[in-house]
Amino acid sequence: INGTTSASQHPEIIFTAPGVYSVHVTVANANGSSTKVFEDHFTIDGRNLPLEDDFETGESDNFILSSNSKAYVKVDKRSAKESEFGLHFTGAGLFTGWSGTPTGTTPQQAWNSNIDFHGFAEICNVDATNMPEVYLAFDLRQTYSLGPKFSWLRVLINDTVQVADIDGVMDFNPTTNADPFSKKIFDLSEFKGTAFTITLQS
């Protein structure tokens, strides 16, 4: 923008979607050219709604936290990445009554059969009536003590519509017990111009 191009010394760029972007820099002269790649150099989050939550008070400013009888959800220090506190979903310690196995539970079992094990973090009335685009972004790290298929997370809109992230993933499970934090981004622009509810369900 502003008359700059990719060949400008100080190019100005508009990003049309949030995400993590790499930069390729090429220099050239009469003797040839050389390229250097800066992987994942920019994290673009876009404009934040007034519903950004960093949990720095040890409580949530926006989420309503609740759980069924065999789950817990809380704000604590164990689940933090870049701040002191984070949102933590966990089981109640016993898996009696769980439908499935530690390595073989299906999404249908997790969400439809194992209701007693569900935890919820919900934001009501996200007002996107004047937003041309809407995105949800958060850092997620999943661990397990009994098996990876006991650790599930998904995002619901208006309590019933399950949405996929920008990579097309709808149901999140850990791959190993030492998976690092990774940024999850959801394009919620189909709900622009409306007010809606977001639920993180574990």
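### Let's talk about the side chain of T197
- The topology assignment puts T197 in strand β11 (residues 195-201).
- Classification of T197 as buried rests on a relative accessible area of 15%.

### A look at the nonpolar core
- Core analysis: the largest hydrophobic core is formed by 27 residues, its most contacted members being L188, F196 and L200.
- Sequence-distant contacts of L188, that is, excluding residues within four places in its chain, are made with V134, Y135, L136, I157, V163, F196 and I198.
- One finds A110, F117, F150 and W152 within the second-largest nonpolar core, a separate group that totals six residues.

### So, the sheet that holds strand β3 (residues 64-67)
- Reading across the sheet, the five strands line up as β3-β6-β11-β8-β9 and stay open at both edges, with antiparallel pairing between neighbours. Each edge of the open sheet carries a strand with a single partner, namely β3 and β9 (161-163). Neighbour-to-neighbour, the strand axes of the sheet open up by a mean angle of 30°, direction not taken into account.
- Of the pairings in the sheet, the one linking β3 to strand β6 (residues 119-127) comprises four bridges and is antiparallel in character. The residue of β6 that forms the bridge with S67 is G119.

### What to know about the layout of surface pockets
- For the second largest pocket, the calculated volume is near 380 Å³.
- Together, 16 residues line the second largest pocket, and P11, I13, V23, H24 and V25 are the ones closest to its centre.
- Of all the secondary structure elements, the ones that give two or more residues to the lining of the second largest pocket are β1 (19-29) and β2 (32-44).
- By residue number, the principal contributor to the lining of the second largest pocket is β1, which donates six residues.
- Here the residues of the lining of the second largest pocket are counted per class, giving nine nonpolar, seven polar and no charged.

### A word on a negative patch on the surface
- A cluster of acidic residues, E52, D54, E56, E59 and D61, forms a negative patch at the surface.
- Tracing the backbone shows E56 in the loop between β2 and β3.
- A relative accessible area of 35% places E56 in the partly exposed class.

### Points about the pairing of β6
- Direction of pairing for β6 relative to β11: antiparallel, over a ladder of six bridges. When the sheet's bridge partners are listed, V126 is paired in β11 with F196.

### Side note on the pattern of salt bridges
- Tallied over the entire structure, the rule returns two salt bridges.
- Here K77 ties to E84 by a salt bridge, and the two come within 3.0 Å at their closest N and O atoms.
- Residue classification places K77 among the exposed positions, given a relative accessible area of 52%.
- Looking at E84, the relative accessible area reads 42%, which means it is partly exposed.
- The salt bridge partner of D139 is K183, with a shortest N-O separation of 3.7 Å. In this pair, D139 sits in strand β7 (residues 135-140) while K183 sits in strand β10 (residues 182-187), placing the two residues 44 residues apart along the sequence.

### Some details on the confidence of the model for the protein chain
- Confidence along the protein chain averages 88 in pLDDT terms, with 96% of residues attaining 70 or more.
- Within the protein chain, strand β8 (residues 154-157) carries the highest mean pLDDT (98), whereas β2 carries the lowest (86).

Conventions adopted
Residue numbers restart at each chain and count upward from 1, following the sequence in its written direction. For a predicted model such as this one, the threshold for reporting local features is a pLDDT of at least 70, and the threshold for listing and counting side-chain atom pairs is 80 or more; totals across whole chains, interfaces and linings nevertheless cover every residue. Hydrogen atoms and water are omitted, and side-chain values are computed over all heavy atoms in the structure. Secondary structure counts use DSSP, requiring at least four H or I residues in a row for a helix and at least two E residues in a row for a strand, with both numbered from the N terminus. For each residue, the accessible area found with a 1.4 Å probe, counting protein chains only, is set against the maximum for its type, and the residue is called buried under 20%, exposed over 50%, and partly exposed in between. Buried Ala, Val, Leu, Ile, Met, Phe, Trp, Tyr and Cys residues that are joined via side-chain atoms within 4.5 Å together make up what is termed a nonpolar core. Residues count as neighbours in contact if any of their non-hydrogen atoms are within 4.5 Å of one another. For two strands to be treated as a pair, DSSP must find at least two bridges joining them. Orientation is described by axes fitted as lines to C-alpha atoms, over the contacting stretch for helices, and by angles from 0 to 180 degrees between their N-to-C directions. Within this scheme a cavity is a closed region of a 1 Å grid, computed over the protein atoms alone, that accommodates a 1.4 Å probe without allowing it to escape, whereas a pocket is open but has protein on both sides within 12 Å along at least five of seven lines; lining residues each have an atom within 4 Å of a point. Grid points are joined across faces, edges and corners, and a volume is the space filled by probe spheres set on the points. Residues are grouped as follows: Ala, Val, Leu, Ile, Met, Phe, Trp, Tyr, Cys and Pro are nonpolar; Asp, Glu, Lys and Arg are charged; every other residue, Gly included, is polar. For patch detection, residues must exceed 30% relative accessible area and be free of salt bridges, and they are connected within 9 Å for like charges or within 5 Å for nonpolar side chains (Val, Leu, Ile, Met, Phe, Trp, Tyr). Using a 1.4 Å probe, the Shrake-Rupley method yields the accessible areas, and only the shown protein chains count as cover for residues. Any Lys or Arg side-chain nitrogen located within 4 Å of an Asp or Glu carboxyl oxygen qualifies as a salt bridge. As used throughout, the charge tally considers Lys and Arg to be positive and Asp and Glu to be negative, leaving His and the chain termini uncounted. Throughout, a charge is located at the NZ atom of Lys, the CZ atom of Arg, the CG atom of Asp or the CD atom of Glu. How sure the predictor is of each residue is captured by pLDDT, a score from 0 to 100.

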